[in-house]
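# Summary of structural features
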Amino acid sequence: MKEVLVTIQTVYQYLEKLGPKKSFQILKNLGYEKLLSLTGKVPKERLIVLTQKLSEETVVELVNQIPEKILVEMISENDDDDLVYFIHSLSIADLATVSKSIPPKDVGLLAKTLGREVSVEILKSLGIQKSIALLKEIPMRDFLWLVDQVQVEPILRLVNELSVADCKKWIKQRGLEELPILLKFFGVTNVLEIFKKLGINQALAMMHLLGTREMMELSVILSKMQLAETDIPSHLTLKTKVEPGSQKTKVPAKKKPSPKKKKQTKRSH
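Definitions and cut-offs
Residues numbered from 1 in each chain as written. Predicted model: local features only at pLDDT ≥ 70, side-chain atom pairs only at ≥ 80, totals over all residues. Heavy atoms only, no water. Phe/Tyr/Trp six-rings, centres within 6.5 Å; stacked < 30°, edge-to-face > 60°. Salt bridge = Lys/Arg side-chain N within 4 Å of Asp/Glu carboxyl O. Helix = DSSP H or I, 4+ residues; strand = E, 2+ residues; numbered from the N terminus. Buried < 20%, exposed > 50% of the residue type's maximum accessible area, 1.4 Å probe, protein only. Contact = heavy atoms within 4.5 Å. 1 Å grid on protein atoms, 1.4 Å probe; cavity = no way out; pocket = protein on both sides within 12 Å on 5 of 7 lines; lining within 4 Å. Points joined across faces, edges and corners; volume = space filled by probe spheres on them. Nonpolar A, V, L, I, M, F, W, Y, C, P; charged D, E, K, R; others polar.

## Some remarks on the packing of aromatic side chains
With the rule as written, the count across this model stands at 2 aromatic pairs. For the ring pair Phe 185 and Phe 186, a centre distance of 4.8 Å and an interplane angle of 85° mean the geometry is edge-to-face.

And the structure:
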């Protein structure tokens with residue numbers, strides 16, 4: 001009973017700090033029970049600061065569209081300024097989608113490591129759905145390691161040109177360790193040209209066949225040659241692209257010879 005009274009007191013203190021107009025609108029649109037539950041799980045000072053920086057409509061949308069458990073975790077794992085920036089930079093619908101799909105702890109780590117502006121740029125540049133799909137394939141710490149090695153812009157350029165399916169194939173077959181090496185050696189423009197010419201399947205097959213170092217050494221050799229596309233004979237046709245792991249030509253199984261029927265001898269009566 002004492003805890004309930006303390007919580008109720010906290011609610012009124014929270015509403016009092018917001019002023020009569022704003023507090024009345026929030027109480028009217030959220031209802032006393034939702035507000036009571038939220039103020040019992042989030043420090044009063046945090047709620048006051050956040051609500052003062054947001055409009056009452058935004059506060060109501062946040063509480064109504066984001067499950068309470070996730071909202072409490074969002075507030076716990078992110079700084080006030082980062083949260084307000086995310087809320088103002090993304091639609092509430094997008095923010096709700098992100099918060100339900102990417103752990104708030106990971107979003108907080110992204111903002112603390114790269115800054116809130118860069119974090120929002122990544123989400124907007126790739127698109128919410130693509131960002132979520134990729135971050136489900138790559139742990140946040142691995143993604144931050146990749147950005148640290150290569151920087152944000154080349155990663156965004158590369159991933160924007162590739163489909164989620166292509167990214168998944170690369171991660172599954174090659175991992176992330178070689179990507180910074182390839183991007184630094186070839187440059188993102190040349191890597192994209194290779195993917196555009198060969199397609200992700202043929203590029204992966206070539207890397208598997210040659211090996212990363214051998215492919216780089218071969219590229220250096222080719223770069224020193226005086227070659228012209230016009231010298232390629234016109235009668236040479238392009239090789240049909242084959243999916244890795246595609247079915248090999250089956251050799252027809254030899255048919256077993258059918259057993260010979262024994263000749264039946266006529267019995268003499």
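## Focus on the pattern of salt bridges
One pass over the full model with this rule turns up 8 salt bridges. Glu 68 is the partner of Lys 41 in a salt bridge, and the nearest nitrogen-oxygen pair spans 2.3 Å. Placement of the pair is Lys 41 in the loop between helix 3 (32-39) and helix 4 (44-53) and Glu 68 in helix 6 (residues 68-77), with a sequence separation of 27 residues. Residue Lys 41 is classed as partly exposed on the basis of its relative accessible area, which comes to 49%. Assessed through its relative accessible area of 26%, Glu 68 is described here as partly exposed. The residue Arg 116 makes a salt bridge to Glu 117 at a minimum N-O spacing of 4.0 Å. Members of the salt-bridge network, linked through shared partners, are Asp 82, Arg 116 and Glu 117.

## Here's the deal with the side chain of Asp 82
Relative to the helices and strands, Asp 82 resides in helix 7 (residues 80-89). Residue class for Asp 82 comes out buried when judged on its relative accessible area of 7%. Ignoring any residue separated from it by four or fewer positions in sequence, one finds Asp 82 in contact with Ala 111 and Arg 116.

## Some thoughts on helix 7
Among the 10 residues of helix 7, 7 are classified as buried, and the element is accordingly described as predominantly covered. Buried within helix 7 we find Asp 80, Asp 82, Leu 83, Val 84, Phe 86, Ile 87 and Ser 89. On the buried face of helix 7, the contacting elements are helix 4, helix 5 (56-65), helix 6, helix 8 (92-101), helix 9 (104-114) and helix 10 (116-126).

## Here's the deal with unusual backbone geometry
Although it is not a glycine, Gln 151 sits at a positive phi angle of roughly 85°. Turning to its location among the elements, Gln 151 is positioned in the loop between helix 12 (140-150) and helix 13 (152-161).

## Side note on empty space enclosed by the protein
A full pass over the atoms with the stated rule returns 4 cavities of 30 Å³ or more. The volume enclosed by the largest cavity comes to roughly 250 Å³. If you trace the largest cavity, you find 20 residues lining it, with Ile 138, Leu 146, Val 159, Cys 167 and Leu 179 closest to the centre. Among the elements of the structure, helix 10, helix 11 (128-137), helix 12, helix 13 and helix 14 (164-174) are those that each provide at least two residues to the lining of the largest cavity. Split into classes, the residues belonging to the lining of the largest cavity amount to 19 nonpolar, 1 polar and no charged. Looking at the second largest cavity, it is lined by 16 residues, and the ones nearest its centre are Leu 47, Leu 50, Leu 54, Leu 62 and Ile 75. Where the lining of the second largest cavity is concerned, the elements lending two or more residues are helix 3, helix 4, helix 5, helix 6 and helix 7.

Function cannot be read off these values alone, since they describe shape.
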